[in-house]
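# Analysis of the macromolecular model
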Amino acid sequence: MSGGSSPSSRRNSSNSLSRDLDLSSEQGCLSIVVLGASGDLAKKKTFPALYHLFDQGFIQSGEVHIFGYARSNLSDDGLRERISGYLKGAPEEDLSEFLQLIKYVSGSYDNGEGFEKLNKTISEYEASSKTESYRRLFYLALPPSVYPSVCKMIRTYCMNPSSHPGWTRVIVEKPFGKDLDSAEQLSSQLGQLFEEHQLYRIDHYLGKELVQNLLVLRFANRLFLPLWNRDNIDNIQIVFREDFGTEGRGGYFDQYGIIRDIIQNHLLQVFCLVAMEKPVSLKPEHIRDEKVKVLQSVNPIQPEEVVLGQYDGYKDDPTVPDDSNTPTFASVVLRVHNERWEGVPFILKAGKALNSRKAEVRVQFKDVPGDIFKCKKQGRNEFVIRLQPSEAMYMKVTVKKPGLEMATEQSELDLSYGMRYQNVKIPEAYERLILDTIRGDQQHFVRRDELKAAWQIFTPLLHDIDEGKLKAVSYQPGSRGPKEADELSARVGYVQTHGYVWIPPTLA
Ligand SMILES: NC(=O)C1=CN([C@@H]2O[C@H](COP(=O)(O)OP(=O)(O)OC[C@H]3O[C@@H](n4cnc5c(N)ncnc54)[C@H](OP(=O)(O)O)[C@@H]3O)[C@@H](O)[C@H]2O)C=CC1
Ligand SMILES: O=C1O[C@H](COP(=O)(O)O)[C@@H](O)[C@H](O)[C@H]1O
């Protein structure tokens, strides 16, 4: 993973990168506090991401310290042991160097004692660092119910001291509320404590390589500019599929369901990048302005353009009520009321316990007018952006079937990352987003008004589901999901190409 280079050479190369990016204002002693350090996200995602940043030299021993905070009674070594099995890919000596950067502080989330202790521990470390600037990053790997009290404690006890330059930033995890009102309430509670530029609402899909590529693809390629509209595109699907169920997270999941867990956030963020207009520049505020605009142009969702499903066996989980109507699958059509997209359905589809694991954007073009090859049966042009796994972009095109006959068939122009970028390690989403936070770049984080616009789209539908006005149909685990979803896609215009399957190329 580190390509065999020594830790010191990696760190030197990162220093030169920092200079190139003119990050001088972002330097100084860095304290990263993971709140909820005893939890699932912390061990599976947050600490591994920090470890990879350390291994690549983006955070360094002399400059950073990491603090785990939670109620559990753990020692420094207890926390290190708990997470070390998840820290993979670097030489043994790097792992022990990284683990030594981590300290654990135990305390509750709603009284001052623990946070005073945390502040004291951070301050001791800062004082010993002999740097002027103190940077404090708080990562809330916690259930959202405790965000307001934790943020209040940070604000009261743990802010970067005003006697020193630097900053305090807070990363909060989704779900940001359960509907428009609760999200707005949470936003105003946090907004009373922190400025918007200090709050980083993380949506890890925005850290995925191919999601980050969407703007480049759309706005740096002449090829796509004239095609990306209602004149040429028939429909767009944004799809998330998982081949496992709720797996021990049934209690959490049942309160939220697939729309709140995946569609309202991850898929809607991808939708924004696919559908928005060109931003004035790459400045985070310009990009987020465009995202808000396209969200505000979405028409109310029509119940007849929604299919909900729940896999058989979901309710066997003892933490799920026997009468649960929570969808584990949903297909929802969004329609954008603007000049570019009027009449083009965006089908956002997500499901758990399906027959495959993948996430992709599928742009299906209209039929060729005056088709002299009679090749409708070969299917339409499609441009597919495979977000995961096997990151790729491919364009389904009709070609002459090689041979003596003038026959056509579907083939593809294929940019598979595994082939094209053989020695390049694609960074984990969390790794990239934590680095963005350290650098103060909010481009890939959700702004408050964006969140509000997202909840405005889904809240009426979610309330209908919560009140049982819309029912989830059952589907077999390991299947494609409810057949009604395929019927809905076909009804709004999607034409499936039968007999064509894209197989990710592999190295021989
Ligand atoms: N796990 C995942 O894969 C993902 C999680 N998220 C989000 O990240 C956040 C953290 O998730 P995750 O790590 O799975 O959560 P956990 O349930 O593992 O909770 C994290 C820690 O918070 C403390 N905690 C748990 N429940 C409560 C409670 N009711 N009141 C106060 N403290 C509590 C516990 O620490 P202690 O008791 O020691 O204080 C626990 O170790 C959530 O907002 C989640 O939605 C987002 C994407 C994926
Ligand atoms: O946020 C979540 O995302 C994961 C899927 O993330 P991915 O990066 O593996 O695609 C999902 O399993 C989980 O339910 C959801 O909370």
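Residues numbered from 1 in each chain as written. Chains lettered and ligands numbered in written order. Predicted model: local features only at pLDDT ≥ 70, side-chain atom pairs only at ≥ 80, totals over all residues. Heavy atoms only, no water.

### Side note on the packing of helix 6 (residues 147-157) against helix 7 (residues 180-191)
- Where helix 6 contacts helix 7, the axes come no closer than 9 Å and their chain directions differ by 10°. By the angle between their axes, helix 6 is roughly parallel relative to helix 7. Contacts between helix 6 and helix 7 involve Tyr 147, Pro 148 and Cys 151 from the first element and Leu 186, Gln 189 and Leu 190 from the second.
- Looking at side-chain class alone, the contact of helix 6 with helix 7 contains five nonpolar, one polar and no charged residues. (Axes fitted to C-alpha atoms, helices over the stretch in contact; angles between N-to-C directions. Helix = DSSP H or I, 4+ residues; strand = E, 2+ residues; numbered from the N terminus. Parallel < 35°, antiparallel > 145°, perpendicular 65-115°, else oblique. Contact = heavy atoms within 4.5 Å. Nonpolar A, V, L, I, M, F, W, Y, C, P; charged D, E, K, R; others polar.)

### Some thoughts on the sheet that holds strand 7 (residues 233-241)
- Reading across from one edge, 14-13-12-11-7-10-9-8-15 is the order of the nine strands in this open sheet, with mixed pairing throughout. Either end of the sheet is taken by a strand with one partner, and the two such strands are strand 14 (408-416) and strand 15 (473-475). Ignoring strand direction, the axes of neighbouring strands in this sheet form an average angle of 20°.
- Relative to strand 15, strand 8 (residues 306-311) is paired through three bridges, and the arrangement is parallel. Bridge pairing links Tyr 311 to Tyr 475 in strand 15.
- Strand contacts of helix 13 (residues 448-466): strand 8 and strand 9 (329-335), with the helix running at about 140° to strand 9, the strand carrying the most contacts. (Pairing = 2+ DSSP bridges.)

### Focus on helix 6
- When helix 6 is considered as a whole, its buried residues turn out to be Tyr 147, Val 150, Cys 151, Met 153 and Ile 154. When helix 6 is viewed along its axis, its buried side chains cluster within an angular range of 160° and face the same direction. Turned more than 90 degrees away from the buried face of helix 6, the exposed residues are Lys 152 and Thr 156.
- Against the buried residues of helix 6 lie strand 1 (29-35), helix 5 (112-129), strand 4 (134-140), strand 5 (166-172) and helix 7. (Buried < 20%, exposed > 50% of the residue type's maximum accessible area, 1.4 Å probe, protein only. Arc of directions from axis to C-beta.)

### Section: the UniProt feature "domain: Glucose-6-phosphate dehydrogenase NAD-binding" (unreviewed entry) in the protein
- The sites that UniProt annotates as "domain: Glucose-6-phosphate dehydrogenase NAD-binding" (unreviewed entry) are residues 33-213.
- Each end of residues 33-213 is marked by a C-alpha atom, and these two atoms are 30 Å apart; helix forms 44% of the span and strand 18%. (UniProt positions renumbered as here; feature names shortened; annotations may be inferred.)

### Overview of the layout of surface pockets
- Its boundaries defined by the atoms lining it, the second largest pocket holds a volume of some 640 Å³.
- Lining the second largest pocket are 26 residues, and of these Lys 358, Arg 362, Arg 480, Tyr 494 and Gln 496 sit closest to its centre.
- Going through the elements one at a time, strand 7, strand 11 (358-365), strand 13 (392-400) and helix 14 (483-492) are the ones with two or more residues in the lining of the second largest pocket.
- Looking at the lining of the second largest pocket, its residues break down into nine nonpolar, eight polar and nine charged. (1 Å grid on protein atoms, 1.4 Å probe; cavity = no way out; pocket = protein on both sides within 12 Å on 5 of 7 lines; lining within 4 Å. Points joined across faces, edges and corners; volume = space filled by probe spheres on them.)

### Structural notes on the site of ligand 1
- Surveying the vicinity of ligand 1 reveals 20 residues, the closest of which are Ser 38, Leu 41, Arg 71, Ser 72 and Tyr 109.
- At 2.8 Å, a backbone N or O of Arg 71 approaches an oxygen atom of ligand 1.
- Between ligand 1 and Tyr 147, the relevant distance is 3.4 Å, taken from an oxygen atom to a side-chain nitrogen or oxygen of the residue.
- Calculation on ligand 1 without its partners gives an accessible area of 870 Å², and the protein chains cover 73% of this total. (Near = heavy atom within 4 Å. Polar contact = N/O pair within 3.5 Å; in protein donor to acceptor, adjacent residues only side chain to side chain. Areas by Shrake-Rupley, 256 points an atom, 1.4 Å probe, with all protein chains shown as cover.)

### So, the environment of Asp 231
- Inspection of the secondary structure assignment puts Asp 231 in the loop between helix 8 (209-219) and strand 7.
- The class of Asp 231 is exposed, set by a relative accessible area of 57%.

### Some thoughts on the site of ligand 2
- Ligand 2 sits among 13 residues. The nearest are Lys 174, Tyr 205, Glu 242, Asp 261 and Gln 388.
- Between Lys 174 and ligand 2, the recorded distance is 2.7 Å, taken from a side-chain N or O atom to an oxygen atom.
- Interatomic distance of 2.8 Å between a side-chain N/O atom of His 266 and an oxygen atom of ligand 2.
- Per-class residue counts for the shell around ligand 2 are three nonpolar, three polar and seven charged.

### Description of the sheet that holds strand 5
- Strand order in the open sheet formed by six strands is 3-2-1-4-5-6, with parallel pairing between adjacent strands. Two strands bound the open sheet, and with one partner strand each, they are strand 3 (102-106) and strand 6 (199-201). Adjacent strand axes in the sheet meet at a mean angle of 20° when their direction is disregarded.
- Here strand 2 (residues 64-70) runs beside strand 3; their pairing, made up of five bridges, is parallel. Looking at the pairing, Ile 66 lines up with Ile 102 of strand 3.

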